[in-house]
Every structure is written in C-alpha cells, then in structure tokens.
Amino acid sequence: MEERGQRSNRRLVLVPCPPQGHITPMLNLGSLLHSKGFSIVIAHTHFSHPHPSGFPNFTFASIPDFLPKDVLSSGDAAAITANLNTNCEGPLRQVLSDMMAQDGATESKISCVIYDSLMYCAEAAAYYVKLPSMALRTSSIGTQLIFSELPRLQKEGYFPPKGMFNPHIVTDNKLSDIIPGAYPLRCKDLPLFTSDPEPMVQVIATALDIKTSSAILWNTVDCLEEQLSDQVQKQYHVPFFSLGPLHKVAPSLPTSILEEETDCLLWLDKQANDSVIYVSLGSLASMDEREFAETAWGLANSGQPFLWVVRPGSVRGSEWIELSPEGFEEAIQETGCVIRWAPQKDVLAHRAVGGFWTHCGWNSTLESISEGVPMICQPCLFDQNVNARYLCHVWRVGLELEGDLDQKEIEQAVRRLMVGEEGKEMRLRAAALKDQIKLSIRKGGSSHTAIEELVNLIISL
Ligand code: UDX
C-alpha cells in the first residue's frame, strides 16, 4: 500500500463549473483529497472563479472559455453550459497536455481528472490525453433520479414539446399530481428551467451520460439518500461514492466568491437560543420589488428576530436595498439585521439560529441539515423544487412556502417554524438527522468509508 506521504507526487486536476453552488463542493472535495496527501490543481474557466490567494495548498490553471457576452448576460443556464463545454474542451486538452509534458521531467504525475458533471467536456478532454476521469455530482441523488426520468416523462406528456411549456396553462391537475413512481415530486417540481425545456433536457442528458469515467462522486450522504442511490446506481456500470456533506468532511476553506459580513455573528451573539430566522436565497435567485416588500413586512411583522441576506443585485431594478418599503428600516431596528452576504456555515452553526428560510439550493440544504436547523422552503429554480419536496415530505424538516409571496403567509410561516408545535417537531427531526450525519462522517460511517474507498481507487488508477 502506498504511504500517504508519497501521494504528493500524484496530482488531481479538478474542473469545477463556475457558479458558487458548484464551485463550493468542488473546492471542498479538493480540500478533502489534499488532506489525504494528493496535490490539487484547480482548472477553472475565466468566468467566475475562486481567488487563488485563499487556497495556498492548491495550484490553479486557467481555461479560456470564450463565452460570448450576450450568452452570459442572457442568464440562460442551458446556453451557458453548452457554450462552456463546446469552448473549453480544446483549451482543457492543451492545459492537461502541457502539465503532462512538464511531469515528464519530474516524479509527479496526474492521477485523475475530476470534473463537475456540468463540465462534461472534461471527460472527453481527459480521455483524449489518456487520463482517467471521475464525475462529481453537486446536486442530490433525488434530482438525478428525476433528471434521468425526463425523457420518459416527456413522452408521457408530463411536460409538452418545444415551445409549448407554460406552467400556467398545463392543466392544473397534472401540474399538482404526484408523478407515478416519482414520489414526492409533482409535474410542477420538474427542473425544466425555461419556457422551452428542450435545450436543458439535452444538456442534462449529456451531463448524466458516463462514457469513459471511472466513478461518480456525490456530495450527499447515505442517511439521506441511500435508497435513491441504490436505484440510480443500477443505471451505471461504474462505482458510486456518497462522500458528503463535503463541507463537513473537508478541512474548511474560504469557498465564498463574495465577501462575507462576519459582523453579523456578533449580532447573533446578542440573541436568544434558537430565536433567529436566517433568510437567504443563495447566489442566483432574485425577486422583484413587490416580493421584496412582502418579504420585508412578513419578517418585520412576525415579531421574530431575523438575519436577512439581500445579495447585491438580487432585488431586480436596484443595487441593494434602496427599494426598502417606507418605514421598514425603523420598524426592524430592534429585531432585524440585513446584510449583503453571510458566513452561512457559521451562521447556521450559531446557537441563536433556530430556522432557515431558504431557496433550497443543495449546498444550503446540506448545510442546514448538518446543523440541525429546520427550514422554510421557497424554491426558485433548477433543482430547488426537488430539494424542497424531499425536505418537506421525506425528511420532514421543512415547510413549503408556495405561490405568490404574501406578507401574511410569510408572517404565519415564520411563526409556525419558530414558535409553533410543528416547528418544534421539525427541529427535533433535524437534530436527529444532524446526529446521523455526525455518525456518517466518523470512522466506520458511510461517508468515511466511501472516502477511504475512493482514495484507494484513485491510487489504483
Ligand atoms: C446553485 C443552484 O441554485 C442550486 O439549486 C444547486 O443545487 C447548486 O447551484 P445556489 O443558488 O448558489 O446554487 O445555492 P446553494 O447550492 O445553496 O449554494 C449557495 C452557497 O453559497 C452555499 O454554500 C452557502 O453557504 C453560500 N452562501 C450563501 C454564503 O456563503 N453566504 C450567503 O450569504 C449565502
């Protein structure tokens, strides 16, 4: 067996997908594998990348992405992903070939390329230069399961063909029905992204296909998704490793692209245990002025202390909180703290935080469950509806906030979660899941074992 100290000659090239929710788990995986003795290279696109100075243990290689400005500003996830993959394959091959040429003169070698599934061009680039590869899935297995069902569901009429998709005109019955064989998901939870689902269905099909990779790595944990993992594994001929939650198993890193306002932790120090509702809709979701005002008054009138992240630019038509409704700032002086970006993991771990109003991005979901914090679920896009359904109906640690945002409903939801009987029960279930996760990452636990097996597989490549 190879000694840990000998592994620094083995380099792993990690290829993240640019958005924050994807970069974070890849950097955490890098931190985990570095702690196991491997050298880590982050091969990132020009568009949105971590600042190398925060990661002295990694080296960085830049891949030109030639992303046209109009594609980038369109916000069209399918077009951006397709463009990135088309444009990056050649440059990535070049980066890998150059590294291999340098290795010729030294003892080191690239053992494997590990890529975010949405950067599927890396699988082809690695194969071209004769390197092994592995895919990292940064969303839940539940999401993958429904993604892989999309072609069947399309055939069965769960969403209509090109140009016809409009969630408001698909018959209500079908929209709200549980899809046979896909509990707890309804047609309206399908991650279809745009009015024309076709391009995204194509991108997803390509991302899920494994041609030459040796394994699929998941940022998930068996105590949440073991059964689903068994189901999905049947679709593949390569091993699966549920390694997560990656932020818990890896030595901590400054993964945030935006600057964190750590002063909010001092504000939390002054609040009572489990009294604060933390509100954040992640790095992509946005709201209009009406939704912003409803949220503001719903929080203010709930009477509960709150810590609210309003990401700059996330209120459409404004830089930050200039569109605050009149009287709001005065009304919340005693109870509220509004910031631009939080040290989210520290906030969720703080004793004062008793609830999380979240958009249910997969990282936020795992971070909240890992700290035993129950949630108000307000999914906005992508896989978030799927996560919200599992949170509310399978793990039962969240309550759903559906339909148009309304201050009265928000007020009630906050009270139900923070001081209601229902909230108490959810908090107990969340605490039990937190304990199970702790066990999973200890020696003998499922994630701990999966990590050991992965390390052995990499060494054997
Ligand atoms: C995107 C998709 O929206 C999500 O559905 C998918 O699962 C991953 O990619 P994002 O919207 O950013 O992600 O949500 P999420 O996955 O929750 O990731 C957000 C990350 O930003 C988390 O790690 C969170 O800790 C961090 N964050 C968020 C902060 O550090 N500070 C904040 O104020 C808010």
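In case you missed it, the structure is sitting above this.
All figures in this text were calculated on a predicted structure; none of them were measured in a lab. (Residues numbered from 1 in each chain as written. Predicted model: local features only at pLDDT ≥ 70, side-chain atom pairs only at ≥ 80, totals over all residues. Heavy atoms only, no water.)

A separate point is the overall build of the protein chain. Of the regular secondary structure elements, the protein chain holds 18 helices and 13 strands. Its C-alpha atoms give the protein chain a radius of gyration of 22 Å, within 12% of the compact-globule value 23 Å for 461 residues. Seen through its C-alpha atoms, the protein chain measures out along the principal axes to roughly 70 × 50 × 45 Å. Classification of the 461 residues of the protein chain by burial places 55% in the buried group. Pairs at least 24 residues apart make up 71% of the contacts formed inside the protein chain by residues separated by at least 6 positions. Accessible area of the protein chain: about 19,700 Å², with a carbon and sulfur share of 51%. Once the 38 positive and 55 negative side-chain charges of the protein chain are each reduced to a mean point, those two points are 6 Å apart. (Helix = DSSP H or I, 4+ residues; strand = E, 2+ residues; numbered from the N terminus. Rg over C-alpha atoms; globule rule 2.2 N^0.38 Å. Buried < 20%, exposed > 50% of the residue type's maximum accessible area, 1.4 Å probe, protein only. Contact = heavy atoms within 4.5 Å. Areas by Shrake-Rupley, 256 points an atom, 1.4 Å probe, with all protein chains shown as cover. Lys, Arg positive; Asp, Glu negative; His and termini not counted. Charge placed at Lys NZ, Arg CZ, Asp CG, Glu CD.)

Before going further, it helps to spend a moment on the site of the ligand. Near the ligand you find 20 residues, and of these Ser283, Ser364, Glu367, Asp383 and Gln384 are the closest. Within the contact set of the ligand, an oxygen atom lies 2.7 Å away from a side-chain nitrogen or oxygen of Gln384. Protein chains bury 97% of the 650 Å² of accessible surface belonging to the ligand in isolation. Among the elements of the structure, α1 (20-35), β8 (276-280) and α14 (362-370) are those that each provide at least two residues to the shell around the ligand. Top element by residues in the shell around the ligand is α14. It accounts for four residues. When grouped by side-chain class, the residues that make up the shell around the ligand number seven nonpolar, eleven polar and two charged. (Near = heavy atom within 4 Å. Polar contact = N/O pair within 3.5 Å; in protein donor to acceptor, adjacent residues only side chain to side chain. Nonpolar A, V, L, I, M, F, W, Y, C, P; charged D, E, K, R; others polar.)

With that out of the way, let us pick up the state of the cysteines. Taken as a whole and judged by the stated rule, the model has zero disulfides. Of all cysteine sulfurs, the one in Cys337 lies closest to Cys264, which takes part in no disulfide; the gap is 6.2 Å. According to the relative accessible area criterion, Cys264 is buried, its value standing at 2%. Cysteine Cys360 is unpaired, with the sulfur of Cys377 as its nearest cysteine sulfur at 3.7 Å. (Disulfide = S-S within 2.5 Å.)

Its 16 residues place the ends of α1 22 Å apart at the C-alpha level, agreeing with the 22 Å of an ideal helix rising 1.5 Å per residue. Counting buried residues along α1, 13 of its 16 residues qualify, which places the element largely inside the surrounding structure. Looking one or two residues beyond α1, the residue adopting positive phi is Gly37, at roughly 105°. (Expected span 1.5 Å × (residues − 1).)

Another point: the sheet that holds strand β13 (residues 398-400). The strand order across the open sheet formed by six strands is β10-β9-β8-β11-β12-β13, and the pairing between neighbours is parallel. Two strands in the sheet have a free side with no partner beyond their single neighbour: β10 (336-339) and β13. Geometrically, the sheet is characterised by an average inter-axis angle of 15° between neighbouring strands, direction not taken into account. Pairing of strand β11 (residues 353-358) with strand β12 (residues 375-377), which is carried by three bridges, proceeds in the parallel orientation. Counterpart to Phe356 in the pairing with β12 is Met375. Helix α15 (residues 384-393) contacts β12 and β13 of the sheet and is inclined by roughly 120° relative to β13. (Pairing = 2+ DSSP bridges. Axes fitted to C-alpha atoms, helices over the stretch in contact; angles between N-to-C directions.)

Before going further, it helps to spend a moment on the environment of Ser447. Note on placement: Ser447 falls in helix α18 (residues 446-460). Sequence separation between Ser447 and Pro191 is 256 residues; the distance between their C-alpha atoms is 27 Å. Aside from chain neighbours lying at most four places away, what touches Ser447 is Thr220, Val221, Ser242, Leu243, Gly244, Ser440 and Ile441.

Looking now at the environment of Leu433. Note on placement: Leu433 falls in helix α17 (residues 421-441). When its relative accessible area of 9% is taken as the criterion, Leu433 is described as buried. C-alpha of Leu433 to C-alpha of Ser370: the two residues are 63 residues apart in sequence and 7.3 Å apart in space. Excluding anything up to four places from it in sequence, Leu433 contacts Leu224, Ile369, Trp395 and Val397.

Attention shifts here to the packing of aromatic side chains. What the rule picks out here adds up to ten aromatic pairs. A centroid spacing of 5.2 Å and a plane angle of 40° characterise the contact between Phe292 and Trp308, whose relative ring orientation is tilted. Of this pair, Phe292 sits in helix α11 (residues 289-302) while Trp308 is found in strand β9 (residues 306-309), placing the two residues 16 residues apart along the sequence. Taken together, Phe292, Trp297, Trp308 and Phe328 form an aromatic cluster joined through their ring pairs. (Phe/Tyr/Trp six-rings, centres within 6.5 Å; stacked < 30°, edge-to-face > 60°.)

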